[in-house]
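Notes for the structure review
Residue-level listing of the chains:
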Amino acid sequence: MPSSLTLRTLRALLAFAAVLPAAAFAHTGVDGHTHLNFMTGFLHPLTGMDHLAAMVAVGLWSALAARRAGPELLWGPLGFAGMLLAGALLGLQGVQIPAVEPMIAASLLVTGLLVVSRWHVPGIAAALIVGVFAVFHGLAHGYELAAAPNAWAALSGMLATTLLLHLAGLGAGWALRSANVWLPRAAGAAVAIFGVTLLAQLA
């Protein structure tokens, strides 16, 4: 039987999943599209639960799916961060790509399921899987940064936060990979449910 602590944690995760849609796509208006400097760019990913959940989930998956400690832990996070930067640069140039918000929502569904399944793939494949979705996360940021002063400073801050969120996910995933089976799966399921909810809202 699950312990009382386990049940409390599960209820907290389910409650978290339930309120996530209320914060959906917060990146489109929380800061009024104004990125003035490194610090505002640094804080921006923390204001959008869709971005935050995806970045942490990438780190979780990378740690949970890795066969051993080493460079393979970094393929997913570095692939995501690199392609997010590429997408942001496209957004800064005003390049229009359709379905940005649906692809961001889909990224939550996919990364959540990756966490649940702990699916192990070769490093370059892991980078490509998450990198495809990261382009759309970057585009959303880039569109917002395009008209703002000090866009490059804000972009640097955003990238720094992205890497820190990946590291947070990596640390949590590594700590839980042997100590607990159901907790990371519950977290992954919450992210996937969030993605499904956002896709339903966009339909």
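Before going into details, it helps to say that this report is about the structure given with it. (Residues numbered from 1 in each chain as written. Predicted model: local features only at pLDDT ≥ 70, side-chain atom pairs only at ≥ 80, totals over all residues. Heavy atoms only, no water.)

When helices and strands are tallied, the chain shows 8 helices and 0 strands. Shown N-terminal to C-terminal, the secondary structure of the chain runs as helices and strands in the order α-α-α-α-α-α-α-α. Out of the 203 residues belonging to the chain, those deemed buried represent 45%. Here the contacts in the chain between residues at least 6 apart in sequence split such that 88% fall between residues at least 24 apart. (Helix = DSSP H or I, 4+ residues; strand = E, 2+ residues; numbered from the N terminus. Buried < 20%, exposed > 50% of the residue type's maximum accessible area, 1.4 Å probe, protein only. Contact = heavy atoms within 4.5 Å.)

This paragraph deals with the pattern of salt bridges. The full count for this structure, using the stated rule, is 1 salt bridge. A salt bridge links glutamate 72 to arginine 68, with the nearest nitrogen and oxygen atoms 4.0 Å apart. (Salt bridge = Lys/Arg side-chain N within 4 Å of Asp/Glu carboxyl O.)

Quick look at the packing of aromatic side chains now. Going through the model one piece at a time under the given rule, you end up with 1 aromatic pair. With a centroid separation of 6.1 Å and 25 degrees between ring planes, the pair formed by phenylalanine 38 and phenylalanine 42 is classed as stacked. Residue phenylalanine 38 and its partner phenylalanine 42 are located together in helix H2 (residues 38-43), separated by 4 residues, close to a single helical turn. Given the relative accessible area of 38%, phenylalanine 38 is considered partly exposed. For phenylalanine 42, a relative accessible area of 22% gives the class partly exposed. (Phe/Tyr/Trp six-rings, centres within 6.5 Å; stacked < 30°, edge-to-face > 60°.)

Compared with the 42 Å implied by 1.5 Å per residue over 29 residues, the 42 Å span of helix H7 (residues 151-179) between its first and last C-alpha is a close match. Buried within H7 are the following residues: Ala151, Ala154, Leu155, Gly157, Met158, Thr161, Thr162, Leu165, His166, Gly169, Leu170 and Gly173. (Expected span 1.5 Å × (residues − 1).)

Here we take up the environment of tryptophan 182. Here tryptophan 182 shows up in helix H8 (residues 182-202). The exposure class of tryptophan 182 is partly exposed, given its relative accessible area of 27%.

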